[in-house]
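Structural features, examined
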Amino acid sequence: MAAGKVLWRNARLATLDGTEPWGWVERGALVSEDERLLWVGDEADLPAMEFAAEHDLAGAVVTPGLIDCHTHLVYGGQRAREFELRLAGASYEEIARAGGGIRSTVAATRAAGEDELLALAQARLDDLLAEGVTTIEVKSGYGLSFEAEAKSLRVARRLQGAELRTSYLGAHALPPEFQGRQDAYVDAVCEWMASLHEQGLVDAVDAFCEGIGFTPAQTRRVFEAARRLGLPVKLHAEQLSDQAGTKLACEFGALSCDHLEWLSPSGIAAMQRSGTVAVLLPGAYYFLRETKLPPIQQLREAGVPMAIATDHNPGTSPTLSLLLMLNMACTLFRLTPEEALRGVTVHAARALGLQADRGRLAAGLRADFCVWDVAHPNELAYFFGRNPLVSRVRGGKLS
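Residues numbered from 1 in each chain as written. Predicted model: local features only at pLDDT ≥ 70, side-chain atom pairs only at ≥ 80, totals over all residues. Heavy atoms only, no water.

Under the convention used in this document: UniProt positions are given in the numbering used here, feature names are shortened, and annotations may be inferred rather than shown by experiment.
An unreviewed UniProt entry lists the chain under the name Imidazolonepropionase, with Roseateles violae as the source organism. Under the heading Catalytic activity (unreviewed entry), UniProt records this for the chain: "4-imidazolone-5-propanoate + H2O = N-formimidoyl-L-glutamate".

**Some words on the layout of surface pockets**
Rule in force here: Definitions used throughout: a 1 Å grid over protein atoms alone; a cavity as a set of points that fits a 1.4 Å probe which cannot get out; a pocket as an open set with protein on both sides within 12 Å along at least five of seven lines; a lining residue as one with an atom within 4 Å of a point. Grid points are joined across faces, edges and corners, and a volume is the space filled by probe spheres set on the points. Under the DSSP-based scheme used, a helix requires at least four consecutive residues in state H or I and a strand at least two consecutive residues in state E, with every element numbered from the N terminus. Just so you know the grouping, Ala, Val, Leu, Ile, Met, Phe, Trp, Tyr, Cys and Pro go in nonpolar, Asp, Glu, Lys and Arg go in charged, and all remaining residues, Gly too, go in polar.
The volume enclosed by the largest pocket comes to roughly 350 Å³. Around the largest pocket sit 18 residues that line it, and Ala96, Arg103, Ala173, Leu174 and Ile212 are the ones nearest its centre. Contributions of two or more residues to the lining of the largest pocket are made by α2 (92-97) and α3 (102-111). Per element, the largest residue contribution to the lining of the largest pocket is three residues, and it comes from α2. Looking at the lining of the largest pocket residue by residue, the classes come out as eight nonpolar, eight polar and two charged.

**Focus on empty space enclosed by the protein**
Per the counting criterion, the structure on display carries two cavities of 30 Å³ or more. A volume near 130 Å³ is recorded for the largest cavity. Lining the largest cavity are 14 residues, and of these Tyr92, His172, His236, Asn313 and Thr316 sit closest to its centre. When grouped by side-chain class, the residues that make up the lining of the largest cavity number four nonpolar, eight polar and two charged.

**Examining the pattern of salt bridges**
As a reminder of what qualifies: Salt bridge, as used here, is a side-chain nitrogen of Lys or Arg placed within 4 Å of a carboxyl oxygen of Asp or Glu. In this scheme, a residue with accessible area under 20% of its type's maximum is buried, one over 50% is exposed, and one in between is partly exposed, where area comes from a 1.4 Å probe on protein chains only.
For the structure on display, the rule yields 27 salt bridges. As a salt-bridge pair, Arg394 and Glu163 come within 2.8 Å of each other at their nearest N and O atoms. Here Arg394, found in strand β15 (residues 389-394), pairs with Glu163, found in strand β8 (residues 163-171); they are 231 residues apart in sequence, far enough to count as distant. Of the charged contacts, one joins Arg386 and Glu379 as a salt bridge, the two residues approaching to 3.9 Å between their closest N and O atoms. Given a relative accessible area of 33%, Arg386 falls into the partly exposed group. Put simply, Glu35, Glu163, Arg366, Asp368 and Arg394 are held in one network by salt bridges that share partners.

**Observations regarding helix α7 (residues 216-229)**
Defined as follows: Given the number of residues in a helix, its expected span is that number minus one, multiplied by 1.5 Å. Starting at the helix axis, one direction is taken to each C-beta atom, and the arc is that of these directions. Only heavy atoms enter the contact rule, under which two residues are in contact if any of them lie within 4.5 Å.
Given a rise of 1.5 Å per residue, 14 residues ought to cover 20 Å, and the 20 Å separating the end C-alpha atoms of α7 matches this to within 8%. Buried within α7 are the following residues: Gln218, Thr219, Val222, Phe223, Ala225 and Ala226. One side of α7 carries all its buried residues, which in axial view fall inside an arc of 155°. Opposite the buried face of α7, at more than 90 degrees from it, the exposed residues are Ala217, Arg227 and Arg228. Those residues of α7 that are buried are in contact with β8, α6 (182-198), β9 (204-209), β10 (234-237) and α8 (245-251).

**Thoughts on helix α4 (residues 114-129)**
Given 3.6 residues to a turn, an α-helix orients residues that are three or four positions apart in the same direction. With 16 residues, α4 extends 22 Å between its outermost C-alpha atoms, agreeing within 8% with the 22 Å of an ideal straight helix rising 1.5 Å per residue. Buried within α4 are the following residues: Leu117, Leu118, Ala121, Gln122, Arg124, Leu125, Leu128 and Leu129. Each buried residue of α4 sits inside an arc of 165° when the element is viewed along its axis, so together they form one side. Every exposed residue of α4 that faces more than 90 degrees away from the buried side is listed here: Asp115 and Ala119. For α4, the secondary structure elements touched by its buried residues are β6 (66-68), α3, β7 (133-139), α5 (146-158), α12 (322-331) and β15.

**What about the UniProt feature "binding site: N-formimidoyl-L-glutamate" (unreviewed entry) in the chain?**
Put simply, the rule reads: Under the rule applied, a polar contact is a pair of N or O atoms within 3.5 Å (in protein, one hydrogen donor and one hydrogen acceptor; residues adjacent in sequence only if both atoms are side-chain atoms).
As recorded in UniProt, the feature "binding site: N-formimidoyl-L-glutamate" (unreviewed entry) lies at Tyr142, Asn313 and Gly315. Taken along the chain, the residues just named run across 174 residues; in space they keep tight, none of their C-alpha pairs more than 11.4 Å apart. From this annotated list, the subset lining the largest cavity comprises Tyr142 and Asn313. Tracing the sequence through the fold places Asn313 in the loop between β13 (306-308) and α12. On the basis of relative accessible area, Asn313 is assigned to the buried category, the value being 4%. Apart from residues lying up to four places away in sequence, Asn313 is in contact with His72, Tyr75, Tyr142 and Pro318. At 2.9 Å, the side chain of Asn313 forms a polar contact with the backbone nitrogen of Gly315. The topology assignment puts Gly315 in the loop between β13 and α12.

**Some words on the sheet that holds strand β11 (residues 256-259)**
Cut-off, in case you're wondering: Think of it this way: DSSP has to see at least two bridges between two strands before they count as a pair. For helices, the fitted line uses only the C-alpha atoms of the stretch in contact; every axis is such a line through C-alpha atoms, and the angle between N-to-C directions lies from 0 to 180 degrees.
The eight strands are arranged β6-β7-β8-β9-β10-β11-β12-β13 in an open sheet whose pairing can be described as parallel. Two strands lie at the open edges of the sheet, namely β6 and β13, each paired on one side alone. Neighbour to neighbour, the strand axes of the sheet diverge by 25° on average, direction disregarded. Pairing of β10 with β11, which is carried by four bridges, proceeds in the parallel orientation. Of the residues in β11, the one forming a bridge with Leu235 is Cys257. Its contacts with the sheet place α6 against β8 and β9, and it is angled at close to 150° to β8.

**Observations regarding the side chain of Arg342**
Locating Arg342 in the fold gives a position in helix α13 (residues 337-343). Taking the relative accessible area as the measure of exposure, Arg342 reaches 17% and is therefore buried. Other than its neighbours up to four places away in sequence, Arg342 contacts Leu16, Glu20, Trp22, Gly23, His347 and Ala348.

**Section: the packing of α4 against α5**
Note the following rule: In these notes the angle categories are as follows: under 35 degrees is roughly parallel, over 145 is roughly antiparallel, 65 to 115 is roughly perpendicular, and the rest is oblique. Helix crossings are classified by the rotation of the near helix relative to the far one: an anticlockwise turn of less than a right angle makes the crossing left-handed, while a clockwise turn makes it right-handed.
Here α4 crosses α5 at 50°, and the two axes come no closer than 9 Å. Relative to α5, α4 is oriented oblique. α5 is crossed by α4, and the crossing has right-handed handedness. In this structure, α4 uses Glu114, Asp115, Leu117, Leu118 and Ala121 to contact α5, whose residues at the interface are Lys151, Arg154, Val155 and Arg158. Of the residues in the contact of α4 with α5, the class split is four nonpolar, no polar and five charged.

Here it is, written out as structure tokens:
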């Protein structure tokens, strides 16, 4: 018997591969070997081979494993009180300038021990895994000192249950000890980057380019430091105002630009040229009660790939449901259900630089897929408050 070959048969496949809508295969099968897909297609075309194991999926819908490509899972505390303040009329900017917002989470994160942060972050991740997430990006950015940023990234590396990608977000906010010395803090962020990278803690570099964050010139310095280390970049861009951060990020071949409510036509053109992914974050849009929509139709017409993520964080998107984000992307941003599903698979993989490895069901890719109790994949975006996951396969193994 050919050891390691596993047959997953009697499935209805949304491969998201090829040119057909959904990459649909009505009566499909998959063959995995170790962590990879060996064969995907119509069960009638299955080549003769012997299997170590066989799973009858009873006609269930199978999709690629879900990918959450923008999260801030590692932090201490929570900010429910700020939620109340915003409902009473305080703006995100007002709360931040008064010492709340990110800074309050920084204090809680610095005070927490590494094992405590791990337990908190693992519990959050477990909720996402229960809805089919198999790959996730986790940012630092709530430490804002070398020691606390390193601690946060170590915690991210220790998380279990999904393939992890880390982003160093030292340029997230100005810590209190650097008050009035923003350029000096940017120098420190760039200096820490080399050591964190040397420790194997950084897969990509991110920044918050915004009026209450960092200027384009300061962001450029962070990206130049990343380029010297050979690290890819991504950017929180055009969330609250148009800072032209997207065009800057595209100069550096950014993997993604995220939020994008105030994205300009020239920013869209830059993304089109660079192949940068637009990561839409409907949870933050909803939670902040924003009214300025990202330019979805213009992105669509320009052929810019659109990913979707939870942006899980304590201040502006405390959601732990990527399936809910599918529904919000459709209802708030008017994506189609197929666009939404591609946003948490195909395009989310691209936003992490993993498009050649996952995000579709195709031979040679990782055997990461989800089995769903639905009649059609459009139900994943249609329902909210329901989790139809039957099983999750990661690296060819039920998990």
